[in-house]
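An overview of the molecular structure
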Amino acid sequence: MEIVLVIGSGGREYELARQMALSKKVKKVYIAPGNAGTAKLPKSENVPIGPVAIDELTAFVKDAAISAVIIGPDASVAAGVGDAIRELRVPVFGPNQAPGRLESSKAYAADFMSRHSIPQPEHWTASTLQEALEIIKDKNPTSYVLKADGLAAGKGVVLPDTGSEAQEVLAAMFSSDAFDGAGKTGVVIQERLHGPEVSAFAVSDGTNIFMLPFAQDHKRLNDHDQGPNTGGMGAYCPVPASIISYRQAVKIQAIAQKTIAGIKTEGTPYKGVLYIGLMLAKERGGDPVVIEYNARFGDPEAQVLLTSMQKSGVDVADLLLSAAREDISHFAVPPSITTAVTVAVATSGYPDNPRKGDEIFGLDKQYPDVIVQQAGTAMDGDKIVTSGGRVLYVTGTGDSVLAASKAAYGALGRQGIHFKDMHYRTDIAWQALER
Ligand code: AMP
Ligand code: GLY
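This report concerns the structure included in the present document. Think of each chain on its own: its residues are numbered from 1, step by step along the sequence as written. Here every chain gets a letter starting at A, and every ligand a number starting at 1, in the order they are written. Totals for whole chains, interfaces and linings use all residues, but because this is a predicted model, local features are given only for residues with pLDDT of at least 70 and pairs of side-chain atoms are given and counted only at 80 or more. No hydrogens and no water enter the side-chain calculation; it runs on all heavy atoms of the structure.

Each helix is a run of H or I in the DSSP string that is no shorter than four residues. Each strand is a run of E no shorter than two, and both are numbered from the N terminus. In this analysis, the expected span of each helix is defined as 1.5 Å times one less than the number of residues it contains. Compared with the 16 Å implied by 1.5 Å per residue over twelve residues, the 16 Å span of helix α1 (residues 11-22) between its first and last C-alpha is a close match. Most of α1 sits out of view: eleven of its twelve residues are buried. Burial classes: relative accessible area under 20% of the type maximum marks a residue as buried, over 50% as exposed, and values in between as partly exposed (1.4 Å probe, protein chains only). Of all the residues in α1, the buried ones are Gly11, Arg12, Glu13, Tyr14, Glu15, Leu16, Ala17, Arg18, Gln19, Met20 and Ala21.

Following the sequence through the fold, glutamine 415 ends up in the loop between α12 (401-410) and α13 (430-433). Taking C-alpha positions, glutamine 415 is 51 Å from threonine 268, a pair spaced 147 residues apart along the chain.

Before going further, it helps to examine the environment of threonine 307. Note on placement: threonine 307 falls in helix α10 (residues 301-311). Classification of threonine 307 by relative accessible area gives buried; the value is 0%. Considering only alpha carbons, one finds threonine 307 and isoleucine 136, 171 residues apart in sequence, at a separation of 44 Å. Here, residues are in contact when the closest pair of their heavy atoms is within 4.5 Å. Ignoring any residue separated from it by four or fewer positions in sequence, one finds threonine 307 in contact with Glu15, Arg18, Gln19, Ala302, Ile371, Gln373, Thr395 and Thr397.

Within a beta sheet, neighbouring strands are joined by backbone hydrogen bonds and run either parallel or antiparallel to one another. For two strands to be treated as a pair, DSSP must find at least two bridges joining them. The sheet built from four strands is open, its strands ordered β6-β9-β7-β8 with antiparallel pairing. Where the open sheet ends on each side, the last strands, each with one partner, are β6 (123-126) and β8 (157-158). Judged from the two bridges that link them, strand β7 (residues 144-148) and β8 form a sheet pairing that is antiparallel. The partner of lysine 147 across the bridge, within β8, is valine 157.

Salt bridge, as applied in this entry: a Lys or Arg side-chain nitrogen positioned within 4 Å of an Asp or Glu carboxyl oxygen. Applying the stated rule across the entire model yields 19 salt bridges. Lysine 28 is the partner of glutamate 45 in a salt bridge, and the nearest nitrogen-oxygen pair spans 2.8 Å. Here glutamate 45 is found in strand β3 (residues 44-46), whereas its partner lysine 28 is found in strand β2 (residues 26-33), with 17 residues between them in sequence. Within the structure, one salt-bridge network assembled from shared partners comprises Asp74, Glu103 and Arg296.

This part takes up the sheet that holds strand β18 (residues 339-346). On the basis of which strands lie adjacent, the open sheet formed by five strands has the order β12-β15-β18-β22-β19 and antiparallel pairing. Two strands in the sheet have a free side with no partner beyond their single neighbour: β12 (216-217) and β19 (370-374). Examined bridge by bridge, β19 and strand β22 (residues 390-398) share five bridges and lie antiparallel to one another. Within β22, the residue paired with isoleucine 371 across the bridge is threonine 395. Helix-sheet contacts for α12 involve β15 (234-237), β18, β19 and β22, and the interaxial angle to β22 is about 140°. Lines fitted to the C-alpha atoms define the axes, with helices restricted to the stretch that makes contact. Angles between their N-to-C directions range from 0 to 180 degrees.

Moving on, we get to the site of ligand 2. We call a residue near a molecule or strand whenever a single non-hydrogen atom of that residue lies within 4 Å of it. Lining the immediate environment of ligand 2, one finds Asp217, Lys219, Gly231, Tyr275, Arg296, Gly298, Asp299, Pro300 and Glu301. Definition of a polar contact: a pair of N or O atoms within 3.5 Å, with one able to donate and the other able to accept a hydrogen when the atoms are protein atoms, and with sequence-neighbouring residues admitted only if both atoms are side-chain atoms. Between ligand 2 and glycine 231, the relevant distance is 3.1 Å, taken from a nitrogen atom to a main-chain nitrogen or oxygen of the residue. Separating an oxygen atom of ligand 2 from a backbone N or O atom of aspartate 299 is a distance of 2.9 Å. Gly falls in the polar group here, along with every residue not listed as nonpolar (Ala, Val, Leu, Ile, Met, Phe, Trp, Tyr, Cys, Pro) or charged (Asp, Glu, Lys, Arg). Class assignment for the residues of the shell around ligand 2 results in two nonpolar, two polar and five charged.

Function cannot be read off these values alone, since they describe shape.
Dropping the structure here:
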């Protein structure tokens, strides 16, 4: 029987822990540090250890006789939590620090793609402000995007409108903490492409891959993709054939395969889930181009992907634990895939000034074809209250995007899940519904 440690505290980690708890092979799930929701999952218990506290995490793994570890956040990957736990000979789902550079350094990722002929935008790297200004000098500011090299909590990419804005952004990236200091080591300037964006996820044991369904994300706070960027206000999967053709899907799968094979030949095999952000670029006749790699599940993409896979008959816990143990060759993609749509419910003021401490109602009821994943929640006595920006995710499933979306939205509101001044988008999965 497995004793699993899940690292992280968001909706993604709630879903990872929920899947572990569903498995007959799992006897106990610890979540470090988890949230008010993960504490209430069956067989589960939170442990107050942060996602990059390597010494405390390794000590806990030994003391609690953990049999496998699942890493949620990018910060843990970049800090080398995977390396430290693998040194204890405990299997880990989540890459080591070196292959994790696909996410933690945009310059490394760009060079990697060049070495392996993986399609990417035209790009230039600069290690000083002077170099960067020289690169953009004769370019139209709307023809490129600016990317801080390091991890910037999703804030490291800017699409400038004017030359002076570009200069200001570059100066700030190189000199200040405005981008979490992610630009201090360098900046990548990329050709700006246009077309639908899709996310691909490949679970890998270092050699083999298992492709999860394609997903689409909704980064902006408000309907019609208006308002500030967030970590993601919703997602759905699978993306229908009206958006990704068979030909495009085959090319994306080839990119995933090439990435996993390439990183293995470089001596740093990738064990975990590889998240590939792609654009079906008009400039390339609709061919998929890699916009970014992430070394982890997306949040909230994990909420739809894992729910969908489980409803489609995949033993998700077994898949992830087998990847950690380095053999997923016996897993087959299911013949028919359940659709899932998740709606992020945030507090008013998110992302800049999130309200906290409001009681959340309706969590004790069951809603047909709905799973609720908690993220920014806390206990206040015996009440569950809001404690942060993205509070929870309402994930609906069904045999179509419309059915899954109706299920999710049906659970929200006065008769269902609600709290004071809650904010959510009403148009999640519009890309698929408008076709
Ligand atoms: P990233 O953090 O790299 O995913 O970038 C955040 C967002 O910026 C993406 O979801 C795209 O909408 C946009 N973006 C990034 N790179 C490009 C590019 N080369 N061309 C156009 N848009 C881009
Ligand atoms: N939802 C986007 C991300 O997790 O990066």
